[in-house]
Amino acid sequence: MSALSRLSLLALSFAVACEGKDRATSGNQPDSIPQKTASNAPTGAVRLASITGFKTPESVRYDSADDVFFVSNINGAPIEHDGNGFISRVKGDGTVDSLHFIQGGRGRVSLDAPKGLAIVGDTLWVADIDHVRAFNKRTGATIANLDLKAKHATFLNDVVAAPDGVIYITDTSVDGSFKHVGTDRIFAIAPGRRITVAAAGDTLGGPNGIAWDPTKKYFVLGGFGTKNVFSWMPGQPPQKLAVGAGGYDGVEVLADGRVLVTSWADSTISVIAGDHLSPLVRGVSAPADIGIDTRRQRIALPRFQDDRVELWSIPAR
């Protein structure tokens, strides 16, 4: 078993325990997938394509302005400072435009194990272990490298931009074996790049995915070490929104108000329905940080262990 596989299995064990390759030729075009599968039949969600050629894809972010996806590739262990992480750019139709659009070690780019992504204007923000990095989304040029080691950042994971321009980054606070080693945190980067701790403590549940809900005016937070999905606002404790299997990774809020959450614990993409999670897609192992194609109403799902990104339709409400 590879080191990455062992890490992935440990990650799943961690979630349960905390309840209380450059395949460039195959990566150039999306592979067609039969539309009726056992995993999607009960919900109406349809798997449309599988795009290969990635290296441990962790997060996907859709840019509606340019109709492209950005995909973060860890390319190794998620906590290793190896300098070989990269970010891919994929066209909205699923065609890989540039597999190594931003490449660690190329030029003056520093990138180790990139995870969560956020887009603010022309800037692509990236969580990278104990750094937050910023790049021009059109040229790939480095804009900023913010070092959070002095703030005791351990495992920076997801990134989201608030309406006021503040960037929030979750810190799951685990090591390479997914053992809890520090204090759970959410960091904030204010305009002017002033870095503060917006929240800290075990009540965050190993914070992983985070998204802004523009209707409810709060953040939705999914923890890797809890069964609860939370609402959260800076200066306030997290409040339970729903309960599910745990091991949460990606969180996205749709335009119609539905909230999608991925879970490593039960291999699903689920929607919050009342006080619980209702599976929308089943049987997708290691589902990481999803992105939403707002033009075509599709989910872009990075399959962490399988080096591919799947495109799924979003069924009507």
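These numbers come from a predicted model, not from an experiment.

Asker: Describe in detail the nonpolar core, supporting the description with residues and values.
Answerer: One finds W125, V132, L146, L148, L156, I169 and I189 to be the most contacted residues of the largest nonpolar core, which totals 16 residues. Only β8 (123–128), β9 (131–136), β10 (142–147), β11 (156–161), β12 (167–171) and β13 (185–190) provide two or more residues apiece to this core. Setting aside its immediate chain neighbours within four residues, W125 contacts G116, L117, A118, V120, V132, R133, A134, L146, V159, I167 and I189.

Asker: Explain unusual backbone geometry residue by residue, including any values.
Answerer: The residue H152 is not glycine, and still its phi comes out positive at about 65°. You can see H152 is positioned in the loop between β10 and β11. The backbone phi angle of A286 is positive, close to 50°, even though this residue is not glycine. Looking at the element boundaries, A286 is found in the loop between β22 (276–281) and β23 (291–293).

Asker: So what's going on with the sheet that holds strand β7 (residues 117–120)? Which residues, and what values?
Answerer: In space, the four strands of this open sheet follow the order β7-β8-β9-β10, with antiparallel pairing throughout. Of all the strands in the sheet, just β7 and β10 have a single pairing partner and so form its edges. Between one strand axis and the next, the sheet turns by 20° as a mean value, whatever way the strands run.

Asker: With reference to specific residues and values, describe the pattern of salt bridges.
Answerer: Tallying each qualifying case throughout the model produces 19 salt bridges. A salt bridge links K149 to D147, with the shortest nitrogen-to-oxygen separation between them at 2.6 Å. Linking D256 and R258 is a salt bridge whose minimum nitrogen-to-oxygen distance equals 2.9 Å. The class for D256 is partly exposed, based on a relative accessible area of 36%.

Asker: Outline the sheet that holds strand β3 (residues 57–63), listing residues and values.
Answerer: Within the open sheet, the four strands sit side by side as β3-β4-β5-β6. Their pairing is antiparallel. For this open sheet the edge positions go to β3 and β6 (96–103), each flanked by a neighbour on one side alone. Between one strand axis and the next, the sheet turns through 20° on average, direction left out of account. Here strand β4 (residues 68–73) pairs with strand β5 (residues 86–91) via six bridges, running antiparallel. Along β5, the bridge assignment pairs F70 with R89.

Asker: Give a description of empty space enclosed by the protein that names residues and reports values.
Answerer: To find the voids left in a structure, one rolls a probe of water-molecule size over its atoms. As a volume, the largest cavity reaches approximately 120 Å³. Looking at the largest cavity, it is lined by 14 residues, and the ones nearest its centre are E58, F155, N157, F178 and D249. Partitioning the lining of the largest cavity into residue classes produces eight nonpolar, three polar and three charged. For the second largest cavity, the full set of lining residues is I51, F54, F69, V71, V90, A300, V309 and L311. Mapped onto the lining of the second largest cavity, the elements with two or more residues apiece are β4 and β25 (308–313).

Asker: Outline the packing of aromatic side chains, listing residues and values.
Answerer: This model, assessed by the stated rule, comprises eight aromatic pairs. Seen in terms of ring centroids, F70 and F101 are 6.0 Å apart; in terms of plane orientation they differ by 40°. Their pairing is tilted. Taken together, the residues F70 in strand β4 and F101 in strand β6 connect sequence positions 31 residues apart. In this pair, the class of F70 matches that of F101, namely buried. Among the aromatic residues, those joined into a ring-pair cluster are Y168, W212, F219 and W232. Residue placement shows K115 over the ring face of F155; its charged tip is 4.7 Å from the ring centre.

Asker: Give a description of the environment of G201 that names residues and reports values.
Answerer: Tracing the backbone shows G201 in the loop between β14 (194–200) and β15 (207–213). Separated by 18 residues in the primary sequence, G201 and T183 place their C-alpha atoms 5.9 Å from one another.

Asker: Any details on the confidence of the model for the protein chain? Residues and values, ideally.
Answerer: Looking at the protein chain, the pLDDT average stands at 89 and 86% of residues meet or exceed 70. Note on residues 1–28: pLDDT under 50 across the span, and 51 contacts to partners over four residues away in sequence or across chains.

The rules behind the values
- Residues numbered from 1 in each chain as written.
- Predicted model: local features only at pLDDT ≥ 70, side-chain atom pairs only at ≥ 80, totals over all residues.
- Heavy atoms only, no water.
- Core = buried A, V, L, I, M, F, W, Y, C linked by side-chain atoms within 4.5 Å.
- Buried < 20%, exposed > 50% of the residue type's maximum accessible area, 1.4 Å probe, protein only.
- Helix = DSSP H or I, 4+ residues; strand = E, 2+ residues; numbered from the N terminus.
- Contact = heavy atoms within 4.5 Å.
- Pairing = 2+ DSSP bridges.
- Axes fitted to C-alpha atoms, helices over the stretch in contact; angles between N-to-C directions.
- Salt bridge = Lys/Arg side-chain N within 4 Å of Asp/Glu carboxyl O.
- 1 Å grid on protein atoms, 1.4 Å probe; cavity = no way out; pocket = protein on both sides within 12 Å on 5 of 7 lines; lining within 4 Å.
- Points joined across faces, edges and corners; volume = space filled by probe spheres on them.
- Nonpolar A, V, L, I, M, F, W, Y, C, P; charged D, E, K, R; others polar.
- Phe/Tyr/Trp six-rings, centres within 6.5 Å; stacked < 30°, edge-to-face > 60°.
- Lys NZ or Arg CZ within 6 Å of the ring centre and 35° of its normal.
- pLDDT = per-residue confidence, 0-100.

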